[in-house]
Amino acid sequence: MEVGIARAVTRATESRPATWRPAGGGHTGAPKWLVELEDGRRVFVKGEASTEERTVYGEVSGPFLARVHGVEGDVLVLEDLSGATWPPPYPGDVRPLFAALEEVGETTPPAELPPLRGPRFWELVRADPAPFLNLGLVGDEWLERSLDALAAAESGAVLAGEALVHGDVWAGNVCFAPRGAVLVDWADARRGNPAFDVALAAISARIAGATLPPLDLDLAPWVALLSGHWAVVAPQPLPASIRADSRLREAQRADLAHALRWAAELLDLPPPG
Ligand SMILES: Nc1ncnc2c1ncn2[C@@H]1O[C@H](COP(=O)(O)OP(=O)(O)OP(=O)(O)O)[C@@H](O)[C@H]1O
Ligand SMILES: [Mg+2]
């Protein structure tokens, strides 16, 4: 473990790391450790944390967050949640995830978090359809027939709002603890419409085969938005912040295939592919 990280752990916990092992998962190369302290406690440590993630752990608390031992520069020293249940698979009852997101959505966000915003993704596909079509998930004709409906549905997904938004809810960033679902990895946290997180959770759980509870949300605009997002990003080269051995783009292509089928069902379009 890097000296700077070990010092941060000591400042945050007033104990020293005794043993540590790298924590798995995640698409970025940010250092992550599960640490046993000399006093016997265990903590999870993440370095190179983004400004947004430091802001959330510095200013927000709630059962839906890991408890914070300390934020030392860009090092987060957090509750060790490795004893919780981490999907996949999601547990048979995914209601705790949606209950946690309801609490997130009732939380006043730190003012310095950036607003949630994005382009109109299906308009980007309209302007340059080749990268999406080259993924081989749909043909020209399906896109021609479906584009107006997808773009119109997407325009109903309003991102602006005044709630705390996690922004990256998926199986790798959620665990189920005795106190309820806990969200980790707040690197993409924003101020915005809490429906965005509910939609991300719904599609993630559905992709993993979980049964969704009844949701008080019209998902059609959101499934259009998320499918458009993946249609734009899945063909792109990986950014430098993502580990070169990451399967991120393969995962996004699979998510896109699922989202397109779901969008087609919700919008009465012919099945893609
Ligand atoms: N508090 C925690 N306790 C135990 N394990 C954790 C904890 N937080 C995260 N993990 C594990 O580490 C993995 C990676 O953590 P995280 O999602 O924060 O990093 P990442 O995806 O690389 O994120 P980032 O994009 O912010 O660099 C998680 O998928 C989970 O398996
Ligand atoms: Mg993550």
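## Comments concerning the domain arrangement of the protein
Interface extent is often summarised as the accessible area lost during association of the parts. According to the domain assignment, the protein contains domain 1 (3–79) and domain 2 (95–266). Here the C-alpha centroids of domain 1 and domain 2 sit 27 Å apart. Contacts between the two partners involve 20 residues from domain 1, matched on the other side by 26 residues from domain 2. Here domain 1 meets domain 2 over a buried area of about 1,900 Å², counting both sides, of which 59% is carbon and sulfur. By the criterion of area lost to domain 2, the three top residues of domain 1 are His-27, Glu-52 and Phe-64, representing 40% of everything that side buries. Linking domain 1 with domain 2 are 3 salt bridges. The salt bridge involving Glu-52 is made with Arg-190; its shortest N-O contact spans 3.7 Å. For the pair domain 1 and domain 2, the number of links is 7 residue pairs in polar contact (both at pLDDT 80 or more). Looking at the side of domain 1 that touches domain 2 residue by residue, the class counts come to 7 nonpolar, 7 polar and 6 charged.

## Regarding the nonpolar core
In this structure, Leu-97, Trp-122, Phe-132, Trp-186 and Phe-196 are the most contacted members of the largest nonpolar core, which totals 77 residues. A per-element tally of this core places helix 7 (residues 195–207) first, with 9 residues. Summarising the domain contributions, this core has at least three residues from each of domain 1 (3–79) and domain 2 (95–266). Filtering out sequence-adjacent residues up to four positions away, Trp-122 remains in contact with Phe-132, Leu-143, Leu-147, Leu-150, Ala-151, Glu-154, Ala-224, Ser-227, Gly-228, Ala-231 and Leu-260. Residues Ile-5, Ala-8, Trp-33 and Val-43 belong to the second largest nonpolar core, which totals 11 residues.

## Thoughts on the coordination of the magnesium ion (ligand 2)
Coordination sphere of the magnesium ion (ligand 2), protein contribution only: Asn-173 (OD1) and Asp-185 (OD), at 2.2 Å. Remark: Asp-185 occurs in the loop between strand 8 (180–183) and strand 9 (190–192) and Asn-173 occurs in the loop between strand 6 (163–165) and strand 7 (174–177); sequence separation between them is 12 residues. Take Asp-185: its relative accessible area is 22%, and that puts it in the partly exposed class.

## Let's talk about unusual backbone geometry
Geometrically, the link from Pro-87 to Pro-88 is a cis peptide bond, its omega value of -5° lying close to zero. Looking at where Pro-88 falls in the secondary structure, it is placed in the loop between strand 5 (75–79) and helix 3 (95–105). In this chain, Pro-88 is followed by Pro-89 through a cis amide linkage whose omega measures -5°. Relative to the assigned elements, Pro-89 resides in the loop between strand 5 and helix 3. In this model, Glu-48 sits at a positive phi of 55°, which is unusual for a non-glycine residue. Looking at the secondary structure, you find Glu-48 in the loop between strand 3 (42–46) and helix 2 (51–59).

## Some words on the site of ligand 1
In the neighbourhood of ligand 1, 20 residues make up the surrounding shell, with Thr-28, Lys-32, Lys-46, Gly-172 and Asp-185 lying closest. Lys-32 places a polar side-chain atom, nitrogen or oxygen, 2.5 Å from an oxygen atom of ligand 1. Between ligand 1 and Leu-81 there is a distance of 2.8 Å, counted from a nitrogen atom to a backbone nitrogen or oxygen. Burial of ligand 1 by the surrounding chains reaches 87%, relative to a free accessible area of 630 Å². Mapped onto the shell around ligand 1, the elements with two or more residues apiece are strand 2 (32–37) and strand 3. The class makeup of the residues in the shell around ligand 1 is 7 nonpolar, 7 polar and 6 charged. Residue assignment places the shell around ligand 1 across two domains, with domain 1 (3–79) and domain 2 (95–266) each supplying three or more.

Parameters and conventions
Residues numbered from 1 in each chain as written. Chains lettered and ligands numbered in written order. Predicted model: local features only at pLDDT ≥ 70, side-chain atom pairs only at ≥ 80, totals over all residues. Heavy atoms only, no water. Domains from an automatic or database assignment. Contact = heavy atoms within 4.5 Å. Buried area = accessible area lost by both parts, 1.4 Å probe. Salt bridge = Lys/Arg side-chain N within 4 Å of Asp/Glu carboxyl O. Polar contact = N/O pair within 3.5 Å; in protein donor to acceptor, adjacent residues only side chain to side chain. Nonpolar A, V, L, I, M, F, W, Y, C, P; charged D, E, K, R; others polar. Core = buried A, V, L, I, M, F, W, Y, C linked by side-chain atoms within 4.5 Å. Buried < 20%, exposed > 50% of the residue type's maximum accessible area, 1.4 Å probe, protein only. Helix = DSSP H or I, 4+ residues; strand = E, 2+ residues; numbered from the N terminus. Donors = N, O, S within 2.8 Å, 3.2 Å for Na, K, Ca; no water. Near = heavy atom within 4 Å. Areas by Shrake-Rupley, 256 points an atom, 1.4 Å probe, with all protein chains shown as cover.

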